[in-house]
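Each chain, letter by letter, is given below.
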Amino acid sequence: MWAGQLRSLLPTRDDLAAVRRSPRQDLVAGVTVAIVALPLALAFGAASGLGAQSGLVTAVIAGITAAVFGGSNIQVSGPTGAMTVVLVPVVHEHGVTGVLMVGLLAGMVLVAMAVARVGRYVRYLPVSVIEGFTAGIAVVIALQQVPAALGVDDASGERVWATAADAVQRFAVHPNTGPLTIALSVAALMLLGARRRPRVPFSLIGVALATVVTRVFDLPVATLGHLPSSLPAPSLAFIDPGAVTSLATAALAVAALAALESLLCATVADAMTVDEHHDPDRELFGQGLANMVVPLFGGVPATAAIARTAVNVRAGATSRLAAVAHSLVLLAIVFVAAPLVSGIPLAALAGVLFATCVRMVEAGALRALLRSTRSDAVIVTLTFTVTVALDLVTAVGVGVAVAVALALRSVARTARLEQVPFDVADHSAEEHALLSEHIVVYRIDGPLFFGAAHRLLLELPDVVDVDVVILRMSRVTTLDATGANVLADAINRLERRGIVVLLSGIAPEHDDVLRALGSATALRAAGRILPDTPTAIALARRLLSMPGQADASHLSGPKTS
């Protein structure tokens, strides 16, 4: 079974056929994406704590691996800002080898998720959680760039916001306006230029201009420094089985991020095209392999990137060849232009990330969510706040938990316990007449599950002057173990008062739950579970017409007042 599932995740002949359709168009798209991806790869590599060269390595290796084995024809993978949020603390605590180990473990988790066919379930993640932590990630990335933008290299703090605040304080004591001017200029050029000429790679232009200005005027700003002119040789030296436990949380966070960002990116890419449809499980497999291979070359964890993928689609990409070409162009830059790249100011890359953060936040979507429902507003705000104040893993967990709780509360409120009268076509006249015969009928509507059962069945009033209660179950949509147990408790409470309880219209699947848990066993043995309400009413009248037969005390103990 596992072999068959794994085989379905591997490349197919259709992939090769797609590559042959428009190779020239794909190559042009690949070059275009590479121009946009270069400053992003450098910036995210530097922001991760492993250095700009790790970003280039990731863009090259992960770009090719994910393109070949992934589930989308038009996605482009590489280092992303979301990953830096998780990786920076790992670098501080475990060093470079810790990050490489996290990437390897995350890759293994992603492959396992793909084999287990988990990809299809990511679509159920609430959009309010996604938007909340996306906005939070953007703020965290921006805060991470504050020291570089201010030219402060010794800022410290336990949280990213504390480090940013410390950098601002140090800048106020010894201000250096050069780095700040460069960062803001690059960010402004990218944001303003993209509005007028969205196809022009203003990020690359901004970084190039900042590098030239820095050299011409000999400005005192920090630069990337020496970059190797070739890819490092693969190595397994970082693998430490003993560190698995301590790095497991970070690895799971990276895997979750990679899965979420890649599948969301693939969904967006499909929407931008006419006939593209990604395979979510195969996409997880491709990202998993990429993250297992990248650490061998000293790269950081990778995922599909919406910015690069969008450029790829707009440039006319039709197959995986475009993403492969993008990686090969970046590889050529590593070999040919490493000395030039090493002179890029860190403040310029901070500006690139500032602009990227602004683009990450969909202000319109956030406003719409905040105005839509109170629950969505709470989830967005809470997820955003926890992301910035604590960490991403906690934020997603809290956001999903609150979303589930609010959803359950909403569903639970749809459950109703109604006494007659009902609608005209629903035996209304006959049921009205029942009240004079000391028979009362309640209809249960909606779900009878753990979120609603206690509230619903505790609404059963302390009926007086009633001998028989009929609970109509035909409109119960859900019944779980908690609902069945609470139902049994309500029945016992009524019967201890000497009131006969009849159940009617139980669906077969709900009856299976009652049987499995032994709920209403006494009623079943006494023949008091009926197929429909008219039959239950007829039985109630027969019981009342037989002296002593309508008393339920013989089923559940002595009668009490």
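Check the entry above for the structure.
The rules behind each value
Residues numbered from 1 in each chain as written. Predicted model: local features only at pLDDT ≥ 70, side-chain atom pairs only at ≥ 80, totals over all residues. Heavy atoms only, no water. Helix = DSSP H or I, 4+ residues; strand = E, 2+ residues; numbered from the N terminus. Buried < 20%, exposed > 50% of the residue type's maximum accessible area, 1.4 Å probe, protein only. Lys, Arg positive; Asp, Glu negative; His and termini not counted. Salt bridge = Lys/Arg side-chain N within 4 Å of Asp/Glu carboxyl O. Contact = heavy atoms within 4.5 Å. Expected span 1.5 Å × (residues − 1). Axes fitted to C-alpha atoms, helices over the stretch in contact; angles between N-to-C directions. Parallel < 35°, antiparallel > 145°, perpendicular 65-115°, else oblique. Left-handed = near helix turned anticlockwise from the far one by under 90°. Nonpolar A, V, L, I, M, F, W, Y, C, P; charged D, E, K, R; others polar. Patch = residues over 30% accessible without salt bridge, like charges linked within 9 Å, V, L, I, M, F, W, Y side chains within 5 Å. Areas by Shrake-Rupley, 256 points an atom, 1.4 Å probe, with all protein chains shown as cover.

## Quick look at the side chain of E131
Locating E131 in the fold gives a position in helix α6 (residues 127-150). The side chain of E131 is buried and forms no salt bridge, while R367, the nearest opposite charge, is found at 11 Å. Those residues in contact with E131 that lie beyond four places of it in its chain are E362, A365, L366 and L369.

## Some words on helix α15 (residues 346-360)
The terminal C-alpha atoms of α15, which comprises 15 residues, lie 21 Å apart, in line with the 21 Å expected from a rise of 1.5 Å per residue. Most of α15 is tucked away: eleven of the 15 residues are buried. Those residues of α15 lying buried are A347, A348, L349, A350, G351, V352, L353, F354, A355, T356 and C357. If you follow the buried residues of α15, they end up packed against α3 (23-48), α6, α8 (177-196) and α9 (202-216).

## With respect to the packing of α8 against α15
For the pair α8 and α15, interaxial distance at closest approach is 7 Å and the crossing angle is 40°. Classified by the angle between their axes, α8 and α15 sit oblique to one another. The handedness of the crossing between α8 and α15 is right-handed. The residues of α15 that touch α8, namely those facing P179, I182, A183, V186, A187, M190, L191 and A194, are A347, A348, G351, V352, F354, A355, V358 and R359. Residue classes in the contact of α8 with α15 are distributed as 14 nonpolar, one polar and one charged.

## Here's the deal with helix α13 (residues 321-336)
Taking 1.5 Å of rise per residue, 16 residues should cover 22 Å, and α13 covers 22 Å from first to last C-alpha, within 8% of that figure. Inspection of α13 places A322, A323, V324, A325, H326, S327, L330, L331 and V334 among the buried residues, and these make up the whole buried set. Turning to α13, the residues buried within the fold contact α3, α4 (52-69), β1 (77-78), α12 (306-314) and α14 (338-341).

## Regarding the packing of α9 against α15
The geometry of α9 relative to α15 is characterised by a closest axis approach of 9 Å and an angle of 160° between their N-to-C directions. In this view, α9 runs roughly antiparallel relative to α15, as classed from their interaxial angle. Along this stretch, α9 crosses α15, giving a crossing that reads as right-handed. Only A348, L349 and V352 of α15 make contact with α9, whose side of the interface consists of S203, V207 and A210. Classifying every residue of the contact of α9 with α15 by side-chain character gives five nonpolar, one polar and no charged.

## A look at unusual backbone geometry
For R117, which is not a glycine, the phi torsion comes out positive at approximately 60°. Within the element layout of this structure, R117 appears in the loop between α5 (81-115) and α6. Even without being a glycine, D218 presents a positive backbone phi close to 50°. Within the fold, D218 resides in the loop between α9 and α10 (244-272). Residue D218 is classed as exposed on the basis of its relative accessible area, which comes to 64%.

## What about the pattern of salt bridges?
Using the criterion set out here, one finds eight salt bridges in the structure. For D166, the salt bridge identified is with R170, shortest N-O distance 2.8 Å. Of this pair, D166 and R170 both sit in helix α7 (residues 160-173), four residues apart, roughly one helical turn. When its relative accessible area of 33% is taken as the criterion, R170 is described as partly exposed.

## Some thoughts on a nonpolar patch on the surface
On the surface, V212, V213, V216 and F217 cluster together into a nonpolar patch covering about 390 Å² of accessible area. As for its placement among the helices and strands, V213 is situated in helix α9.

## Considering the environment of T477
Here T477 is to be found in strand β6 (residues 476-479). With a relative accessible area of 55%, T477 lands in the exposed category. Each C-alpha atom, one on T477 and one on D445, is 7.4 Å from the other, the two residues being 32 residues apart in sequence. Setting aside anything within four residues of it in sequence, one finds T477 in contact with G446, P447 and H510.

## Some remarks on the side chain of T84
Mapped onto the secondary structure, T84 falls in helix α5. Residues within four places of T84 in sequence aside, it is in contact with F44, A47, S48, I141 and Q144.

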